[in-house]
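Listed below are the residues making up each chain.
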Amino acid sequence: MDHQAPKQDASRLKLNIKFSGRSIPVEIGGDSTIKDLKSLLQPLTNVLPRGQKLIFKGKVLSDELRLASSEISDGSKIMLMASQGWSSEEGAVGVPGVRRVNDITRGKKEKSETSVTKSQLERWKATGVIALSDYGLMTIPEEVWTCGPSARVLDVSQNSLLEVPAAVGCLSSMQKLLLNGNHLLDKSIGWEGLTSLKLLTVLSLNQNNLTMLTSALGALTCLKQLHIASNKLTCIPTEIGSLTELQVLKAQNNRLTTIPTSIGGCVSLVEVDISCNLLAELPQTFGNLKSLKALYLGNNGLKSLPNTLFKMCSQLSILDLHGTEITLDLLRQFEGWESFDERRRLKHKKQLDFRVTGSSEFDEGADKNW
């Protein structure tokens, strides 16, 4: 009845969503879930709900959480991070577990799922590049495996793949394997085949449903880039320490609670992004990464850093600590801080901007790369 309306309005929350440098005001019922909020944000941000990660006070909000039972209140600020490849098309309707294909090219792409033309196959073998990104595939065409050692790059990103068979191992000269944005689970990857690719330099598994990585990952000793962002990973295998050629590690937007001490063996690392995880501390072996130039640690539960980070990582000039409990006063106590700060200033030519509050948290609006 009409007299119930005021009570309903009183329970509504006005929130500010921080996204891509702008603030988006929204109003939603207090009994709504985070999943409801994501649906509300889709037309405002053009990002599908499953591509949204909402962060409040450094913690990732789960879909089933109800606003009324959380610390979120009227006027709260929530950060939205969008995974690449999850933009929605105007007028499209999101269907869970189904990736849309543009209507104009639907017939062409669906046909490619069941048949590969002779000219395609010849082109793959001649160039060494198998480009099947965003083809609406649920399986990798059998013709791919016939390319054998002539294949150097396989890109099957942004499809609906449920499996990467062990047959991938027959592509023995493979250097880049791109599997982003599919529906891959731990057991749906033929790791024995994948980890036999001894020449592999780039492995990208972003935006899947992985909760763990195989210990056999350590066999990929030529690997230079490992992209495992936006999965459900809770740990990184100890064997990662065998990847002495690894230069880039992107593992943001997961559920990592620890980083193995063996990370210190990855002596070639230049960039590490482990932001938006559940990390409370980092191993002291981070000090071994003397080639490290950029380290992204934002939105974790960190309260301190490895003691030798600034002293030993003499090339470090980019450090993101937003959304952590680490303060400027603490950083100034670390040996090597002055040298790092000088490198940072030379690179960015700007001052650190801290929020002046009782908790000495970093200003959310400060430059990320400081």
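Before going into details, it helps to say that this report is about the structure given with it. Small disclaimer: the values here were computed from a predicted structure and weren't measured. (Residues numbered from 1 in each chain as written. Predicted model: local features only at pLDDT ≥ 70, side-chain atom pairs only at ≥ 80, totals over all residues. Heavy atoms only, no water.)

What about unusual backbone geometry?
Note the cut-off: Relative accessibility thresholds used throughout: buried, under 20% of the residue-type maximum; exposed, over 50%; partly exposed, between the two (1.4 Å probe, protein chains only). Here a helix means four or more residues in a row that DSSP labels H or I, a strand means two or more in a row labelled E, and each is numbered from the N terminus.
Positive phi is not limited to glycine here, since Ser230 has a value of about 55 degrees. Of the residues examined, Ser230 reaches a relative accessible area of 15% and is grouped as buried. The phi angle at Asn299 is positive, at roughly 55 degrees, despite the residue not being glycine. With respect to the helices and strands, the residue Asn299 is situated in the loop between β13 (294-296) and α6 (309-312).

What to know about the sheet that holds strand β14 (residues 318-320)
How we decide: Two strands pair under a simple rule: DSSP has to find at least two bridges between them. Each axis is a line fitted through C-alpha atoms, and for a helix only the stretch in contact is used; angles between axes span 0 to 180 degrees, taken between their N-to-C directions.
Taken in spatial order, the 9 strands make up an open sheet running β6-β7-β8-β9-β10-β11-β12-β13-β14, and their pairing is parallel. Two strands bound the open sheet, and with one partner strand each, they are β6 (129-131) and β14. Adjacent strand axes in the sheet meet at a mean angle of 5 degrees, parallel and antiparallel pairs treated alike. Where strand β11 (residues 248-250) lies against strand β12 (residues 271-273), 3 bridges are found, and the strand directions are parallel. The residue of β12 that forms the bridge with Leu249 is Val272.

Quick look at the state of the cysteines
Where we set the bar: Working definition: a disulfide is two cysteine sulfur atoms within 2.5 Å of each other.
All chains considered together, the criterion is met by 0 disulfides. Just so you know, Cys147 is unpaired, no disulfide at all, and the nearest cysteine sulfur is the one on Cys170, 8.6 Å from it. Judged by relative accessible area, Cys147 falls into the buried class, the value being 5%.

Points about the nonpolar core
Condition: We define a nonpolar core as any set of buried Ala, Val, Leu, Ile, Met, Phe, Trp, Tyr and Cys residues linked to one another through side-chain atoms lying within 4.5 Å. Every residue pair with non-hydrogen atoms within 4.5 Å of one another is taken to be in contact.
Of all hydrophobic cores here, the largest spans 71 residues; its most connected members are Leu177, Leu194, Leu203 and Leu305. Elements represented by at least two residues in this core include exactly α4 (118-127), α5 (191-194), α6, α7 (328-331) and α8 (337-348). With residues up to four places along the chain from it excluded, the contact list for Leu194 reads Val168, Leu177, Leu179, Ile189, Leu200, Leu203 and Leu220.

Points about the packing of aromatic side chains
Quick note on the threshold: Pairing of aromatic side chains here covers Phe, Tyr and the six-membered ring of Trp, requires ring centres within 6.5 Å, and sorts the geometry by plane angle: under 30 degrees stacked, over 60 edge-to-face, intermediate tilted.
Applying the stated criterion across every chain, the model contains 4 aromatic pairs. For the pair Trp337 and Phe340, a centre-to-centre distance of 5.6 Å together with 50 degrees between the ring planes defines the contact as tilted. Within this pair, Trp337 and its partner Phe340 are both found in helix α8, separated by 3 residues, close to a single helical turn. Taking the relative accessible area as the measure of exposure, Trp337 reaches 5% and is therefore buried. One aromatic cluster is present, built from ring pairs that chain together Phe310, Phe334, Trp337 and Phe340.

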